[in-house]
Structures are given as structure tokens and as C-alpha cells.
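Commentary on secondary and tertiary structure
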Amino acid sequence: MTQKNKKILFFSIVLAFIIITPIIVLYSIGLRIDFKNKRIVQPGLIFVKTSPKNAQIYINEKNIKKTDFLFGSAEINNLLPNRYKVKIAKEGFQVWEKNLEVKEGLATEVKDIILFPEILSLNVFSKNIENFFIPPSNKSKIILQEKEINEIKEKNTDLNNWTLKIFDLNTNIKTPFISKENISKKDIELTNLFFSPDSKKILMEIKEKVLTKKTTDKETFLTKYYIIETEKTPAFAVLVNYLNQNTTNIVFNPNDYQKILFLEDGKLKEIDLVKNLQPKILLENIISFTINNNNIYYLDSSGFTFKTDFSFSNTEKINDSNISLNKEAKYNIYVFNSFIFLKENDVLYLLNNEKKDFEKYFESVKNIIVSYDYKKLLLFNDSEIWIIYLEDKNDQPYKKKGDKVFITRLSQKIENASWISSSYIIFNSENEIKIAETDDRDKINIFDISKNDKDIKYNNPKVIFNNFDKKLYILNEKTLYQSQKIIQ
């Protein structure tokens, strides 16, 4: 080797040392060189947690790693500040993907990823079902309203016979509970069930067909109420006197489940189910009321809303300016934490706590449902779904109390929507069932719940997610279907 070549080699090594040594030092203290932007940065990371576990993580379409089999979590480290396409996939499940921003020296977290089945496996749970109910505090049991099928159709056979049966998911045993004939020999229709908070009592709303001497095309019905005990099989229905078609806003007294509060002719009344005596009048000139944390919130005929306790000794006026009431409108009060809503038909108003006045919040709302953790509200109408945060959310995605998140807008009419977890909702529109997340970073992932049997045609099905067994129950054209677990 010539002297010249030796010098070239020596200086090349020195130059390489000068260049590489700072890079090694930077890496050793956790810094990286962003060659694109020509600067030194502290890398960030992405933390994900999935259900089911062992899901594959892709970053910008590159297969990186799987979430672990113990906690379903994983970290992708040493990411330069940038936006990354994150995809989570597992065989047999729908893909979750979102463009997420990684900031310098920070962790981007997605801790509530649920992968839903590509094909929803549906099994026939029960046939000839008119309706079904899942008690609010005992979700291991399903109450089925089953149509009685008579093999021999005699001339005087009542074709409107039905029976309530309780299916215990722990034992897989279906037990007759109470039948139509045990309630009345007349032509009656079950219209609703009201459960006590402990699900041990059911107030049954019945419409009884009334026969009149005059022939008319319009059928006449009387509304009657019966109380039954769920822990007694077979059950015995007791007619509750004084409750009728003029009764509205029926709720169990949260301090005594033997008592029921209701509205009738502008009076807030209470009836004792054991004594079954003349109802006690608690308040007069009442338009609507609700109960929250042992307090009664009510709207009276003057257009003011009030808050009182069950002693009725302490009453607080909520709004300073009275509401111009519409005599033809239906009013409902909703109270969630510090949020007080007033619904006039479909128009929703929110109390401004500073001004002490109700302000228009949504032009059209069909229903309001609080999440399992009582931190969010689900609002929907015929075409749109929104989420409202009831308190600050201090983990990602960060939210402030009162923030609104638009979920989706559909051309088909939204029939119903409900929560399946604190981060996911399920809704159905005519012949489709969908699940949507509430994380609005980038796009909102919405999953179509496709069924395994293509011969099943949804026709405005009733859909309920049961948090007990993590399965969907779908009533479609008098057949009740049960899905596999949709949350692992």
C-alpha cells in the first residue's frame, strides 16, 4: 500500500469516526436524526391494546409485531414525529385502521381496540317470539314472550295466546313464567315491561281490547297494569288499581321498590303496591319528572323546573326564565351528572348552569342513553348519531366536558342505538346492523355486522347486546337469534 493510500485510509477512518460517534451518542441518549427535516428529535411511540389478543400490527403497511397473549398490548418504539397508518388485523376479524400522529417524545395510545368478527355466526335461540326483554340488573336471564301455537285450531281457539318464559343463560333452562290466560281471559296485548332496579319486580303494561255494542272500524283498548315477582315461578299477576291509560312517567321509588311513582292528570302520585290503596299525591301541576340520585327533578305548568328530595322539604328552582310550554308537546327531563336536559317532542334543550336558562342543544333527538361508565351520552335521531362527554377525558383521545363527537349520518332510518362498551356503540337501520367506535381521531371505524346465513333477511330487527355473555340477541320476524361472543 502506497503512502498516499495509507493517508486516504487513515483520514477516511477518522472522518467515519467523527460522523458515526455523534450518531451513536445520540442513539444512546434516546435521540434520533430526522434526515427529512434535517434536525435532531426525540422519537415517540405508539401503544396499542386489542381484544382479542395476538393481533397483528402494521405500520405504514409494514408488518411490525403482534400484541402479546397476556394483556393484548404492544409498543412500537423509536418512531420519528410524523403521521402513521396503523392497521390491526387478525384472521377471522374485521380490520381496524387509523392514521395516527406521533409527537416528539410522546406516546400515542389506542387502548380500546376491539376487533369484531368478519362474519356474525347466528344460531336460532328460540322461535315464535313476539318480544324479549333482558332485566337491567340480572342479565343472565332473558324473558321471552312466546306465541302459543295450537296444533288443532278449533273454532273457539284464542290465536292470541302467549306466555312469558325465563331463559337462564347459566343453566340453559327455559321455564314458563306467566301466561296470558293467567292474567286475563279477555283479548289482551303485552305492550311493555317496567323493571324495578333490582329486577325482582316487573310492572306489566297490558292493552285490553274493549268490545262495544256499536259496530266500528276503530278498535278500543284499555290500558291496565299488573305487578309480578320474577323470583316466583310460576308467577302470579296482581292488578294494580289506579293505573290506567292516563298514567305516564312510571318509575319505581329508588328508596322502596314496593312503591311506584307516576304522573296522572298533572299530579305526581305514589302508590304502594302492597297496600294497593288510593295513590298519595306528592306534587300538583306537573308536566314531567325524573329521578336522579334520590332527587326528583320536575317541570311544572308554570314553565319552571325544580329539584327536590323525597322529603319535599327542600325545593330548588333550576331555571330563572320560564319555558313557553306547548300544550300539544310531550316533555321529558334527563339528568346526568351536572347536565340537565329538557326534551320537547324531539327538540333537546340543555340547561346553561351559569345563565340558569335552557338553550337549544339539538334540533332532533329520538333517544338519549348513558354509557356503562356514566361518562358519555349517546344521542340519535332518524339519521344521525352523536356522542356527548359528561366529564373530562384525561386519556387519549383527550376530551373536555361537554364535547360533542359526530359518529355517522345514514340515508336509511336509524331504528335504535345502544352501548356495547364504554368505547363502542351498536345501531341498526332497517336491514343493517353496524358497530361504531367513539374514537374520532382520523376516521371513525364503523363495522358492518354481516351474518353467516345469507337467507336471513333483516326486517327492522330488535337488537340487544347482553353484557353478561358478550353476545348479540336479534329478534327478526318472530325468530330470536343468538350470536357468538363479539367481545373477547
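Residues numbered from 1 in each chain as written. Predicted model: local features only at pLDDT ≥ 70, side-chain atom pairs only at ≥ 80, totals over all residues. Heavy atoms only, no water.

1. With respect to the overall build of the protein chain
Across its full length, the protein chain carries two helices and 41 strands. Every one of the 488 residues in the protein chain was classed for burial, and the buried ones make up 46%. Of the contacts formed within the protein chain by residues at least 6 apart in sequence, a portion of 43% connects residues at least 24 apart. (Helix = DSSP H or I, 4+ residues; strand = E, 2+ residues; numbered from the N terminus. Buried < 20%, exposed > 50% of the residue type's maximum accessible area, 1.4 Å probe, protein only. Contact = heavy atoms within 4.5 Å.)

2. Section: the packing of aromatic side chains
For the structure shown, the criterion picks out 12 aromatic pairs. Summarising the aromatic geometry, the rings of Tyr361 and Phe362 are spaced 5.3 Å apart at their centres and angled 80° between planes, so their arrangement reads as edge-to-face. Neither Tyr361 nor Phe362 differs from the other in exposure class; each is buried. Among the aromatic residues, those joined into a cluster by ring pairs are Tyr334, Phe336, Phe339, Phe341, Tyr361, Phe362, Trp386 and Phe406. Of note, Lys404 hangs over the ring of Tyr361, and the distance from its end group to the ring centre comes to 4.2 Å. Over the aromatic face of Phe132 sits the side chain of Lys462, whose NZ or CZ is 4.8 Å from the ring centroid. (Phe/Tyr/Trp six-rings, centres within 6.5 Å; stacked < 30°, edge-to-face > 60°. Lys NZ or Arg CZ within 6 Å of the ring centre and 35° of its normal.)

3. Topic: the nonpolar core
Trp96, Phe116, Ile420, Leu472 and Ile486 are the most contacted members of the largest nonpolar core, which totals 38 residues. Those residues in contact with Ile486 that lie beyond four places of it in its chain are Ile114, Leu115, Phe116, Pro117, Leu120, Ile420, Ile435, Phe465, Lys470 and Leu472. Counting residues in hydrophobic clusters, the runner-up holds 19 residues, among them Phe177, Ile188, Phe195 and Ile202. (Core = buried A, V, L, I, M, F, W, Y, C linked by side-chain atoms within 4.5 Å.)

4. Here's the deal with the environment of Lys400
Relative to the helices and strands, Lys400 is located in the loop between β33 (384-389) and β34 (404-409). We classify Lys400 as exposed; its relative accessible area is 55%. Discounting chain neighbours no more than four positions away, the residues touching Lys400 are Tyr389, Glu391 and Asp392.

5. Digging into the sheet that holds strand β26 (residues 315-317)
Spatially, four strands are ordered β23-β24-β25-β26 in an open sheet, and the strand pairing comes out antiparallel. What marks the edges here is a single partner per strand, and that holds for β23 (286-292) and β26. Between one strand axis and the next, the sheet turns through 20° on average, direction left out of account. Of the strand pairs in this sheet, β23 and strand β24 (residues 295-300) are connected by six bridges, and their pairing is antiparallel. Its bridge partner being in β24, Ile286 is matched across the sheet by Asp300. (Pairing = 2+ DSSP bridges. Axes fitted to C-alpha atoms, helices over the stretch in contact; angles between N-to-C directions.)

6. Digging into the confidence of the model for the protein chain
Predicted confidence across the protein chain gives a mean pLDDT of 90, with 88% of residues reaching 70 or more. Every residue in residues 152-157 is under pLDDT 50, and counting partners more than four places away or in other chains gives two contacts. (pLDDT = per-residue confidence, 0-100.)

7. As for empty space enclosed by the protein
Scanning the entire structure with this criterion turns up two cavities of 30 Å³ or more. Looking at the largest cavity, its volume works out to about 160 Å³. Considering the residues around the largest cavity, the lining is formed by 17 residues, among which Asp112, Pro397, Ser423, Thr438 and Asp439 are closest to the centre. In terms of residues, the lining of the largest cavity owes the most to one element, strand β9 (residues 107-114), which gives four residues. Among the residues forming the lining of the largest cavity, the class breakdown is six nonpolar, four polar and seven charged. Considering only enclosed or pocket space, the second largest cavity measures out at about 40 Å³ in volume. If you trace the second largest cavity, you find it lined by Asn416, Ala417, Ser418, Ile426, Phe427, Asn428 and Val463. (1 Å grid on protein atoms, 1.4 Å probe; cavity = no way out; pocket = protein on both sides within 12 Å on 5 of 7 lines; lining within 4 Å. Points joined across faces, edges and corners; volume = space filled by probe spheres on them. Nonpolar A, V, L, I, M, F, W, Y, C, P; charged D, E, K, R; others polar.)

8. Looking at the layout of surface pockets
Roughly 340 Å³ of volume is contained in the second largest pocket. Considering the residues around the second largest pocket, the lining is formed by 13 residues, among which Glu101, Lys103, Thr108, Gln396 and Arg441 are closest to the centre. Contributions of two or more residues to the lining of the second largest pocket are made by β8 (96-102) and β9. Counting residues per element, the lining of the second largest pocket draws most heavily on β8, which supplies three residues. Each residue belonging to the lining of the second largest pocket can be placed in one class, and the counts come to five nonpolar, three polar and five charged.

9. Quick word on the pattern of salt bridges
Evaluation of the coordinates by the stated rule reveals 23 salt bridges. When the shortest N-O distance is used, the salt bridge between Lys98 and Glu437 registers 2.7 Å. You can see Lys98 sitting in strand β8 and its partner Glu437 sitting in strand β37 (residues 432-437), a full 339 residues away along the chain. The exposure class assigned to Lys98 is buried, which follows from its relative accessible area of 2%. (Salt bridge = Lys/Arg side-chain N within 4 Å of Asp/Glu carboxyl O.)

10. Section: the side chain of Ser423
Mapped onto the elements, Ser423 comes out in the loop between β35 (416-419) and β36 (424-429). Ser423 gets classed as buried once you look at its relative accessible area, which sits at 12%. Separated by 3.3 Å, the side chains of Ser423 and Asp112 make a polar contact. Sequence-distant contacts of Ser423, that is, excluding residues within four places in its chain, are made with Asp112, Ala436, Glu437 and Thr438. (Polar contact = N/O pair within 3.5 Å; in protein donor to acceptor, adjacent residues only side chain to side chain.)

11. Regarding the side chain of Asp439
Along the chain, Asp439 turns up in the loop between β37 and β38 (446-448). When residues no more than four places from it in sequence are discounted, the contact partners of Asp439 are Lys98, Val110, Pro397 and Ile444.

12. Topic: the pairing of strand β5 (residues 62-66)
Consecutive residues of a regular strand have side chains that alternate between opposite faces of the sheet. Inspection of the sheet shows strand β4 (residues 56-59) paired to β5 by four bridges, in the antiparallel sense. Bridge assignment links Tyr58 to a residue of β5, and that residue is Asn63.

13. Considerations on the environment of Glu97
As for its placement among the helices and strands, Glu97 is situated in strand β8. Exposure remark for Glu97: the relative accessible area of 22% places this residue in the partly exposed category. Between the C-alpha atom of Glu97 and that of Ile444, which follows or precedes it by 347 residues, the distance is 9.3 Å. Other than its neighbours up to four places away in sequence, Glu97 contacts Lys85, Val86, Lys87, Lys443 and Asn445.

14. Considerations on a nonpolar patch on the surface
A cluster of nonpolar side chains, Phe69, Leu70 and Phe71, forms an exposed patch at the surface whose accessible area comes to about 380 Å². If you trace the backbone, Leu70 turns up in the loop between β5 and β6 (73-79). (Patch = residues over 30% accessible without salt bridge, like charges linked within 9 Å, V, L, I, M, F, W, Y side chains within 5 Å. Areas by Shrake-Rupley, 256 points an atom, 1.4 Å probe, with all protein chains shown as cover.)

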